[in-house]
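Coordinate inspection notes
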Amino acid sequence: MKERPVSRIAIPRQSARQRRRNFEEVALGYTAAMAVTEASRCLQCKNAKCIDGCPVGIDIPGFIKAITEENFTAAIEILKSDNVLPGICGRVCPQESQCEQLCILDIKGQSVAIGRLERFAADWERLQSKPVSAATGAAPSGKKVAVVGAGPAGLTAAADLARMGHGVTIFESLHTPGGVLKYGIPDFRLPSAIVDEEVNNVKNLGVDIELNSVIGKTETVDELLDRFDAVFLGTGAGLPLFLHIPGENLSGVYSANEFLTRVNLMHAYQFPAYHTPVKIGKRVAVIGGGNVAMDAARAALRLGADKVYVIYRRSEVEMPARREEVENAVEEGIEFVFLANPVRFSGDEKRNLTGIECIRMKLGEPDSSGRRRPVPQDGSQFQMELDVAIVALGTNPNPLISRSTPGLEVNRWGTLVCDEATGRTTRPGVWAGGDVVTGSATVISAMGAARKAARDIDDYLKRNTSPDPVWRKNQAGNDQNR
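Residues numbered from 1 in each chain as written. Predicted model: local features only at pLDDT ≥ 70, side-chain atom pairs only at ≥ 80, totals over all residues. Heavy atoms only, no water.

1. Focus on the overall build of the protein
Here is the rule: Secondary structure counts use DSSP, requiring at least four H or I residues in a row for a helix and at least two E residues in a row for a strand, with both numbered from the N terminus. To get the radius of gyration, use the C-alpha atoms; to get the globule rule, take the number of residues to the power 0.38 and multiply by 2.2 Å. When accessible area is computed with a 1.4 Å probe and restricted to protein chains, residues below 20% of their type maximum are described as buried, those above 50% as exposed, and intermediate ones as partly exposed. Contacts were defined at the residue level, with two residues in contact if any of their heavy atoms lie within 4.5 Å. Note that accessible areas follow from Shrake-Rupley with a 1.4 Å probe, and for residues the cover is restricted to the protein chains shown. Counted as positive: Lys and Arg. Counted as negative: Asp and Glu. His and the chain ends are not counted at all. Where a charge lies is defined by one atom per residue type: Lys uses NZ, Arg uses CZ, Asp uses CG and Glu uses CD.
Scanning the protein for helices and strands turns up 18 helices and 16 strands. Compactness check: the protein gives a C-alpha radius of gyration of 23 Å against a globular reference of 23 Å for 482 residues, within 12% of the reference. For the protein, the spread of C-alpha atoms along the three principal axes comes to 75 × 70 × 50 Å. Burial statistics for the protein: of 482 residues in total, 53% are counted as buried. For the protein, long-range pairs separated by at least 24 residues make up 69% of all intrachain contacts whose partners lie at least 6 apart in sequence. Looking at the protein as shown, the accessible area adds up to about 21700 Å², and 50% of this sits on carbon and sulfur atoms. Charge-centre separation for the protein: the mean point of 58 positive side chains lies 2 Å from the mean point of 58 negative side chains.

This is the structure we're talking about:
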């Protein structure tokens, strides 16, 4: 019997020198031989804890066993039975803090590279002449569901509901589907072509997608409920947070949302082929410590900046970004300025950004996030010269839908009030999941919430045999109570 490898198989990558000036994918993926060897490390536990760590409940030992047997068709079939976006999740899902963290091998060594194996199976399928079709499931129910938003939550809910036999239409505000997968994550981490192909997987289940549909403007949720039996809101969180310090409106100060949307969705990195340039200059600072900050910093470097700094008010230990992305940034030459917080931006007479003033911080007692609270050190201010600053502090949901939908309750952060187990909002007939409920979070957590909501919507549609949606019966009472 062949001896099982102890250490995980390293994934091939572009060299740091090569990749820091191109937008091609950094991690190149496993070969078939690498994937089979890595899969052979799996112990095939009878009580597989790794599944408990997966928000969408993938049969992880099952698809890995199929790879071990070189039955790649079976591997992708198992994956797609629970996840229609395996190529996406295999690249951007934080497996190290979810499924891989619960792998029994992680106790004394290195966990199985579950994410890399998921990516391999999806990439293998893409190279075949005919994709492996995801099971369509139940017979048509005659019920119709509107899904608002074509990001990870919306796509997942739509796919599950379609396989349950319901007619599904996605309404997407932008001119292309994908949501944050398309506008928020650069090609060097998630190629746009992968998103397009996996969106097509959802379409192939019979899901319709209507683009340029701004629900809350072009049509309201109430109007959708006149035409559909249920509505799922997966609109994400696209409203950027700012520092609220002097000079933040100077030319050259971006939100990470705007910057990454210009780069990714509007193809600024392909200027002049696309007429959508983005200002960079020689010195760029990104404020924040999450994955979005890493994406923005690494994109700025590839667009030609000489120096890119990441300014973070805590230490490296507290950074929420994936460790792999931080390591990639360091290898590429990004410089980190820890325990520092901006207090003002400065500009010239034409209101162009010229610099930033920061104050040194020290860590105090833990705050509500469990991380030690940063405390300013008096008299420790320092200056940095800059041409561009990118603020990556997180996002909240756009209030357009909540303000235009009576009975839809939000909390003080502007996120929708929902039942965590079912995705039910305070408005009967309306469900939600993803960043619109949680605020900025991960792709896979949004997908997990969408799966829960889809199951509850299915139960609701099966119970509700009345030709009129149940919400109508409650609406008169709701109107009287307002």
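2. Overview of the packing of helix H4 (residues 60-68) against helix H7 (residues 114-126)
Formally: Only C-alpha atoms enter the line fits that serve as axes; for helices the fit covers just the stretch in contact. Angles between N-to-C directions range over 0 to 180 degrees. Just so you know how the angles are binned, under 35 degrees is roughly parallel, over 145 roughly antiparallel, 65 to 115 roughly perpendicular, and the rest oblique. Definitions for this section: a left-handed crossing has its near helix turned counterclockwise from the far helix by less than a right angle. A right-handed crossing has that turn clockwise. Each residue gets one of three labels, nonpolar for Ala, Val, Leu, Ile, Met, Phe, Trp, Tyr, Cys and Pro, charged for Asp, Glu, Lys and Arg, and polar for the others, Gly among them.
Interhelical geometry of H4 versus H7 gives an angle of 60° and a closest axis separation of 11 Å. Between H4 and H7, the angle falls in the class oblique. Between H4 and H7 the crossing geometry is left-handed. Mapping the contact onto sequence places Ile60, Phe63, Ile64 and Ile67 in H4 and Ile114, Leu117, Glu118 and Phe120 in H7. Within the contact of H4 with H7, the residues separate by chemical class into 7 nonpolar, no polar and 1 charged.

3. Quick notes on the sheet that holds strand E3 (residues 208-210)
For the record, the criterion: Strands were regarded as paired on the criterion that DSSP finds at least two bridges between them.
Spatially, the 5 strands line up as an open sheet ordered E3-E2-E1-E4-E16, and their pairing is parallel. Edge positions in the sheet fall to E3 and strand E16 (430-432), since each of these pairs with one other strand and no more. Taking the axes of each pair of neighbouring strands and ignoring which way they run, one obtains an average angle of 20° across the sheet. Judged from the 3 bridges that link them, strand E2 (residues 167-171) and E3 form a sheet pairing that is parallel. Each bridged residue has a counterpart across the sheet, and for Thr169 the counterpart in E3 is Asp208. Helix-sheet contacts for helix H17 (residues 443-463) involve strand E1 (144-148), strand E4 (230-233) and E16, and the interaxial angle to E4 is about 175°.

4. Some thoughts on the environment of Val278
Tracing the chain through its elements places Val278 in the loop between helix H12 (256-264) and strand E7 (283-287). In sequence terms Val278 and Ser15 are 263 residues apart; their C-alpha atoms lie 26 Å from each other. Excluding residues within four positions of it along the chain, Val278 makes contact with Tyr254, Phe259, Arg262, Val263, Ala268 and Leu303.

5. Focus on the side chain of Asp456
Following the sequence through the fold, Asp456 ends up in helix H17. Those residues within four positions of Asp456 in sequence are excluded, and the remaining contacts are Thr422, Arg424 and Trp431.

6. A closer look at the environment of Phe382
Within the secondary structure layout, Phe382 lies in strand E13 (residues 382-385). The sequence separation of Phe382 and Glu357 amounts to 25 residues, and the corresponding C-alpha distance is 5.7 Å. Excluding anything up to four places from it in sequence, Phe382 contacts Val337, Ala340, Ile356, Glu357, Cys358, Ile359 and Arg360.

7. Comments concerning the sheet that holds strand E9 (residues 335-338)
The 5 strands are arranged E6-E14-E7-E8-E9 in an open sheet whose pairing can be described as parallel. Of all strands in the sheet, those bounded by a partner on one side alone are strand E6 (253-255) and E9. Across the sheet, the axes of successive neighbouring strands diverge by a mean angle of 20°, strand direction being ignored. The strands touched by H12 within the sheet are E6 and strand E14 (388-391), with E6 carrying the most contacts at an inclination of about 85°.

8. Things to note about a nonpolar patch on the surface
Heads up, the condition is: Surface patches are defined over residues having more than 30% relative accessible area and no salt bridge, joining like charges when they lie within 9 Å and nonpolar side chains (Val, Leu, Ile, Met, Phe, Trp, Tyr) when within 5 Å. For this analysis, a salt bridge means a side-chain nitrogen from Lys or Arg found within 4 Å of a carboxyl oxygen belonging to Asp or Glu.
A surface patch of nonpolar side chains, amounting to about 290 Å² of accessible area, comprises Leu43, Ile104 and Ile107. Locating Leu43 in the fold gives a position in the loop between helix H2 (32-39) and helix H3 (49-52).

9. Focus: the pattern of salt bridges
A full pass over the atoms with the stated rule returns 35 salt bridges. Measuring nitrogen to oxygen at the nearest pair gives 3.5 Å for the salt bridge that ties Arg163 to Asp160. Here the residue Arg163 and the residue Asp160 both occupy positions in helix H8 (residues 152-163), the gap between them amounting to 3 residues, near one helical turn. The same class applies to Arg163 and to Asp160, which are both buried. With a shortest N-O distance of 2.9 Å, Arg298 and Glu332 are connected by a salt bridge. With Arg298 in helix H13 (residues 291-302) and Glu332 in helix H14 (residues 323-332), this pair connects stretches of sequence that are 34 residues apart. The network of salt bridges with shared partners includes Arg19, Arg298, Arg302, Glu325, Glu331 and Glu332.

So yeah, pure geometry; function would need other evidence.
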